[in-house]
Amino acid sequence: MVTRRNFSSEFKAKVVLELLREEETLSQIATRHKIHHTVLQNWKRTVTDGLPGLFADPRRKSVEEIEKETTINDLYKQVGLLSMQLEWLKKKCGVDSFSS
């Protein structure tokens, strides 16, 4: 039975830095560390995809967050408007007509 090897985050970072330095090829690094080259490619992709997030301002909201907040605010406004209309109808037509 083949057991799955687990690598520490420090080891992964060290190997990916070796890849980024490009002093050796991916195959050479994979052979030296006895790790399959696709695993190393995945680690490298994870690092390069995550780099922009390291420099992002945490106080700045993303476009998705802004759109979500806008949608929620619009929905609250609509709920408030509908509640006011329902109360007006209850007063105008009598409480017994609309039971909540």
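Just so it is clear, the model here is predicted, and its values are computed rather than measured.

A. Summary view of the nonpolar core. Val15, Val16, Leu19, Ile29, Ala30, Ile35, Leu40 and Trp43 form the largest nonpolar core, which has 8 residues in total. When residues of this core are assigned to their parent elements, the largest contribution, 3 residues, is made by helix α1 (residues 9-21).

B. Up close: the pattern of salt bridges. If you walk through the whole model with that rule in mind, you get 3 salt bridges. For Glu18, the salt bridge identified is with Arg32, shortest N-O distance 2.9 Å. Linking Glu18 in helix α1 with Arg32 in helix α2 (residues 26-33), this pair joins segments that are 14 residues apart in sequence. Its relative accessible area of 15% is what places Glu18 among the buried residues. Of the charged contacts in the structure, one is a salt bridge between Arg32 and Glu24, with a shortest N-O distance of 2.3 Å. Judged by relative accessible area, Arg32 falls into the partly exposed class, the value being 43%.

C. Quick look at α1. The end-to-end C-alpha distance of α1, which contains 13 residues, comes to 18 Å, matching closely the 18 Å that a straight helix rising 1.5 Å per residue would cover. Where α1 is concerned, the buried positions are Val15, Val16, Glu18 and Leu19. Projection of α1 onto a plane perpendicular to its axis shows the buried side chains occupying an angular sector of 150°, all on one side. Facing away from the buried side of α1, by more than 90 degrees, are the exposed residues Ser9, Glu10 and Arg21. Structurally, α1 contributes buried residues whose contacts are with α2 and α3 (37-54). Just downstream of α1, Glu22 is the residue with a positive phi angle, here 60°.

Reading guide: rules and limits
Residues numbered from 1 in each chain as written. Predicted model: local features only at pLDDT ≥ 70, side-chain atom pairs only at ≥ 80, totals over all residues. Heavy atoms only, no water. Core = buried A, V, L, I, M, F, W, Y, C linked by side-chain atoms within 4.5 Å. Buried < 20%, exposed > 50% of the residue type's maximum accessible area, 1.4 Å probe, protein only. Helix = DSSP H or I, 4+ residues; strand = E, 2+ residues; numbered from the N terminus. Salt bridge = Lys/Arg side-chain N within 4 Å of Asp/Glu carboxyl O. Expected span 1.5 Å × (residues − 1). Arc of directions from axis to C-beta. Contact = heavy atoms within 4.5 Å.

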